[in-house]
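Structural features, examined
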Amino acid sequence: MADSTSSFWGPVTSSHEWCEKNYVYSSYVAEFYNTISNIPCILLAFIGLVSSLLQRFEKRFSVLHLSNMALAIGSVMYHATLQHVQQQSDETPMVWEMLLYIYILYSPDWHYRSTMPTFLFLYGISFAVLHSVIRFDIGFKLHYVMLCLLCVPRMYKYYIHTQDVSAKRLAKLYFATLFVGSLCWLGDRFCCTHISTWPINPQGHALWHVFMGFNSYFANTFLMFCRAQQRNWSPKVVCFMGILPYVRIQKQKTHTK
């Protein structure tokens, strides 16, 4: 929320501010809670990246985890500055991330192997260029929701064809965090006038970041399990320190004569 506090970054140029007072704790950080709430997203994506690299999953999953980290870092830049350019560093990776999900979800059944990644790559570059020139608002949100909806049927198909109880639990956690996180986003976006009168601000947008960090982690872990099943890698969902689930695989050894 705008106020008269002096800031290092100058006047707000982003198209949106959220339901948090600006520059309360530092003249270098516009929305403090919306900025630091991206830390769990970065840490979870890093854990997923390490698991993917150590077990030699396909590169697509390493890129996916890196895209989650890039998105969270872009969000830090946006909420810390509330500048238009930094807002693009948040919104453009959101689209790129969804394009990666579309590729991972649909590529196993795609018969022409080079056409899908080529199309999605060109689509992502074209969007980035267009988004740097034209300010989207409602159009960006509708576009992002459309990309998300393209993923839902495929995720549901993977869910109903998965027999493993632990893997199904990951999918349920994915949908649960998406639902609760969306409620937090909507409340912060459309009920700010009422929330501003409360003694304590629940920081709905910051909670959205936290829930979506876990949402991405659960989605990635579930997709890694499904892909490992397709590759006959004997996947198993185990928990690190009994808390954080991840996929452990056992690749079949190839015998050479």
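To be clear, the structure that these remarks concern was listed above.
Here's a quick rundown of the structure. (Residues numbered from 1 in each chain as written. Predicted model: local features only at pLDDT ≥ 70, side-chain atom pairs only at ≥ 80, totals over all residues. Heavy atoms only, no water.)

On to the pattern of salt bridges, then. Applying the stated criterion to the full structure yields three salt bridges. For Arg60, the salt bridge is made with Glu58, and the minimal N-O distance between the two is 3.7 Å. In this structure, Arg60 and Glu58 share a single accessibility class: buried. The partner of Arg227 in a salt bridge is Glu58, and the shortest N-O contact between them spans 2.7 Å. You can see Arg227 sitting in helix H9 (residues 204-230) and its partner Glu58 sitting in the loop between helix H2 (39-54) and helix H3 (59-81), a full 169 residues away along the chain. We classify Arg227 as buried; its relative accessible area is 15%. Bridged by salt links that share partners, the residues Glu58, Arg60, Arg227 and Arg231 form one connected network. (Salt bridge = Lys/Arg side-chain N within 4 Å of Asp/Glu carboxyl O. Buried < 20%, exposed > 50% of the residue type's maximum accessible area, 1.4 Å probe, protein only. Helix = DSSP H or I, 4+ residues; strand = E, 2+ residues; numbered from the N terminus.)

Here we come to the packing of aromatic side chains. Tallied over the full model, the rule gives 15 aromatic pairs. Taking the centre distance of 6.3 Å and the plane angle of 15° together, the rings of Phe140 and Tyr144 count as stacked. One end of the pair is Phe140 and the other is Tyr144, both in helix H6 (residues 138-161) and four residues apart, which spans about a single turn. Each member of the pair Phe140 and Tyr144 is classed as buried. By way of ring pairs, the aromatic residues Phe8, Trp9 and Tyr28 are connected into one cluster. Positioned above the aromatic ring of Tyr159 is the side chain of Lys168, whose terminal nitrogen or guanidinium carbon lies 3.9 Å from the ring centre. We note Arg189 situated over the ring of Phe190; from NZ or CZ to the ring centre the distance is 5.9 Å. (Phe/Tyr/Trp six-rings, centres within 6.5 Å; stacked < 30°, edge-to-face > 60°. Lys NZ or Arg CZ within 6 Å of the ring centre and 35° of its normal.)

Helix H7 (residues 165-190) packs onto H6 with a crossing angle of 155° between their chain directions and a minimal axis gap of 11 Å. By the angle between their directions, the pair H6 and H7 is classed as roughly antiparallel. Crossing geometry of H6 relative to H7 is assigned as left-handed. For the pair formed by H6 and H7, the contact residues are Lys141, Met155, Tyr159 and Ile160 on the first element and Lys168, Ala171, Lys172, Tyr174, Phe175 and Trp185 on the second. When the residues that make up the contact of H6 with H7 are grouped by side-chain class, the tally is seven nonpolar, no polar and three charged. (Axes fitted to C-alpha atoms, helices over the stretch in contact; angles between N-to-C directions. Parallel < 35°, antiparallel > 145°, perpendicular 65-115°, else oblique. Left-handed = near helix turned anticlockwise from the far one by under 90°. Contact = heavy atoms within 4.5 Å. Nonpolar A, V, L, I, M, F, W, Y, C, P; charged D, E, K, R; others polar.)

Turning our attention to the packing of H2 against H9. Between H2 and H9, the least distance of the axes is 8 Å, while the angle of their chain directions is 15°. As summarised for this structure, H2 and H9 are arranged roughly parallel, according to the angle between their axes. The chirality of how H2 crosses H9 is right-handed. Contacts between H2 and H9 involve Pro40, Cys41, Leu44, Ile47, Gly48 and Ser52 on the former and, on the latter, His209, Val210, Gly213, Phe214, Tyr217 and Met224. Counted by class, the contact of H2 with H9 contains eight nonpolar, four polar and no charged residues.

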